[in-house]
Amino acid sequence: MSPSVPTRPAADPAGRPAVSLRDAKLGYGNRLLWDGLNLDIAPGEFLAVLGANGSGKTSFLKVLLGMAPLSSGSLTFDGEPARRGHRSIGYVPQQKHFPPDTPLRARDLVGLGVDGHKWGIRLRGRAYRHRVDELLAQVGATQYARIPVGMLSGGEQQRLRIAQALAPNPKVLLCDEPLLSLDLNHQKAVSALVGQQAKGNGTAVVFVTHEINPILEHVDRVLYLAGGRFTVGTPAEVMTTKVLSRLYGTHVEVLHSKGRIVVVGMPEAVIDGHPEGLPDGWPADDLAEGA
Ligand SMILES: Nc1ncnc2c1ncn2[C@@H]1O[C@H](COP(=O)(O)OP(=O)(O)OP(=O)(O)O)[C@@H](O)[C@H]1O
C-alpha cells in the first residue's frame with residue numbers, strides 16, 4: 001500500500017509472478033514518475049493503473065513493453081529478464097485511427113494476431129479461420145469482418161485491436177485506455193472479455209484507464225500514480241478519501257454512489273503534471289521568439 005512496502009499478487013500467491021518489478025524507478029530528466037516500486041503481478045491478476053494526465057501510466061506500460069528502460073531497479077517476466085517484442089505479451093495501444101486507405105479488412109487485422117509472427121507464405125487453414133471468427137465474435141465484430149479497417153469507426157477499430165491482442169492467448173496483456181471511444185455496451189462487453197481472459201486463461205492484465213467504474217468488477221488491484229508517488233492495493237483499499245488524500249498530499253474526496261467511484265478535487269499541479277522549469281538540455285528562451 002505504500003512505496004516502501006513490497007506488494008504481493010492478489011491471485012495465485014504460491015506461483016511465480018507473471019511480472020515482477022523490484023525497486024523500480026522511472027524518471028525523465030528532473031521529472032520523477034515513480035521510485036521504489038516493488039510489484040508482483042500474478043498470472044490471472046487484473047491490475048488497473050490509474051492517475052491523472054501525465055502521472056506516468058503510459059510510461060509504466062512502455063517499461064513493461066521494453067520500450068523505455070527503467071532508471072533503476074529490475075523487471076522480469078515469468079522469471080526471465082524483460083525484452084522487447086515478447087510474443088507472450090499482448091498489447092492494446094492507445095487508440096489511433098487507421099488511414100482510410102489501409103489495405104486490410106477487419107478479419108485480416110485480427111488474423112495478424114493469430115499468425116502475424118510467422119515468416120513467409122502462411123497456410124491459412126480451417127483452424128486459422130475458426131480462430132479469427134471466434135475472436136471477431138467475442139468483440140462483436142462479425143458483422144463488419146469484411147470491411148476495410150480504415151472505413152470503420154474508432155470504436156469498431158478498437159474492438160479489432162483487442163481481438164488481435166487476445167489472439168495469441170498472451171501470458172501478459174497490456175491495455176492502454178482500451179475503452180476510449182467505446183459506447184457503454186461495448187465498454188462492458190470488452191471489460192468482461194478482458195476479465196474473462198484474466199480469470200479463464202490465467203493472463204495477467206495491466207489495464208491503464210482514467211475511469212475505474214467500467215472495469216471495477218474485474219479489478220483485483222489498483223496501481224494509483226500521482227505526482228511522483230504511488231500506492232497499490234485492492235480497489236477497496238486504495239479508492240478512499242484517506243488513501244488518495246495522502247497520495248496527492250492534499251484533501252481529495254472519494255465518493256461511492258450506486259456502485260460507482262468518483263474522485264473529486266484533485267490538485268491542478270498533479271493534473272497538469274509538470275514541475276516548474278524545463279527538462280534538462282532545453283533553452284530557457286521561447287524558441288519561437290528568435291524566429
Ligand atoms: N520520452 C520521454 N522523455 C521525457 N519525458 C517524457 C517521456 N515520455 C513521457 N514523458 C513525460 O512523462 C510524463 C508521464 O507521461 P505518460 O504518457 O506516461 O502519462 P500518462 O499518465 O499516460 O498521461 P495521460 O493520462 O495524459 O495519457 C509526461 O508528463 C511526459 O511529459
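Calculation criteria
- Residues numbered from 1 in each chain as written.
- Predicted model: local features only at pLDDT ≥ 70, side-chain atom pairs only at ≥ 80, totals over all residues.
- Heavy atoms only, no water.
- Axes fitted to C-alpha atoms, helices over the stretch in contact; angles between N-to-C directions.
- Helix = DSSP H or I, 4+ residues; strand = E, 2+ residues; numbered from the N terminus.
- Left-handed = near helix turned anticlockwise from the far one by under 90°.
- Contact = heavy atoms within 4.5 Å.
- Nonpolar A, V, L, I, M, F, W, Y, C, P; charged D, E, K, R; others polar.
- Salt bridge = Lys/Arg side-chain N within 4 Å of Asp/Glu carboxyl O.
- Buried < 20%, exposed > 50% of the residue type's maximum accessible area, 1.4 Å probe, protein only.
- Pairing = 2+ DSSP bridges.

Peer 1: Could you clarify how one ought to interpret the packing of helix α2 (residues 106-115) against helix α3 (residues 126-138) in this entry?
Peer 2: For any two helices packed against each other, the geometry comes down to the angle between their axes and how far apart the axes lie. Where α2 meets α3, the closest approach of the two axes is 9 Å, and the angle between their N-to-C directions is 120 degrees. Helix-helix and strand crossings are classified by hand; for α2 and α3 the assignment is right-handed. Residues Arg107, Val110, Gly111, Val114 and Asp115 of α2 lie in contact with α3, whose contacting residues are Tyr128, Arg129, Arg131, Val132, Asp133, Leu135 and Leu136. A per-class count over the contact of α2 with α3 returns six nonpolar, one polar and five charged.

Peer 1: What's the story with the pattern of salt bridges in this structure? I'm lost.
Peer 2: Side-chain pairs of opposite charge can arise whenever the charged atoms involved come near each other. If you walk through the whole model with that rule in mind, you get eight salt bridges. Note that Arg16 is salt-bridged to Asp78, the shortest N-O span being 3.7 Å. Here Asp78 lies in the loop between β4 (72-77) and β5 (80-81) and Arg16 lies in the segment before β1 (19-28), a separation of 62 residues in the sequence. Judged by relative accessible area, which is 24%, Asp78 ranks as partly exposed.

Peer 1: Is there a simple way to think about the sheet that holds strand β3 (residues 46-51) in this case?
Peer 2: Whether parallel or antiparallel, the strands of a sheet pair through hydrogen bonds between backbone atoms. Taken together, six strands build an open sheet; the order of strands is β6-β7-β8-β3-β9-β10 and the sheet is mixed. Whereas interior strands pair on both sides, the edge strands pair on one side only; in this sheet they are β6 (89-92) and β10 (229-233). Averaged over all neighbouring strand pairs, the angle between strand axes comes to 15 degrees, with direction disregarded. Bridge analysis of β3 against strand β9 (residues 221-226) gives five bridges, and the strand direction is parallel. Bridge assignment links Val49 to a residue of β9, and that residue is Leu223. Relative to the sheet, helix α4 (residues 154-166) contacts β6 and β7 (172-176), its axis offset from that of β6 by approximately 175 degrees. Most of the contacts of helix α7 (residues 241-248) go to β10, to which it runs at about 155 degrees, and overall it touches β9 and β10.

Peer 1: Hey, could you run me through the sheet that holds β5 in this one?
Peer 2: Read across the open sheet, the four strands follow the order β2-β1-β4-β5; overall the sheet is antiparallel. Where the open sheet ends on each side, the last strands, each with one partner, are β2 (31-41) and β5. Pairing of β1 with β4, which is carried by five bridges, proceeds in the antiparallel orientation. What sits directly across from Val19, in β4, is Phe77. Those strands touched by helix α1 (residues 57-64) are β1, β2 and β4, and its axis lies near 125 degrees from that of β1.

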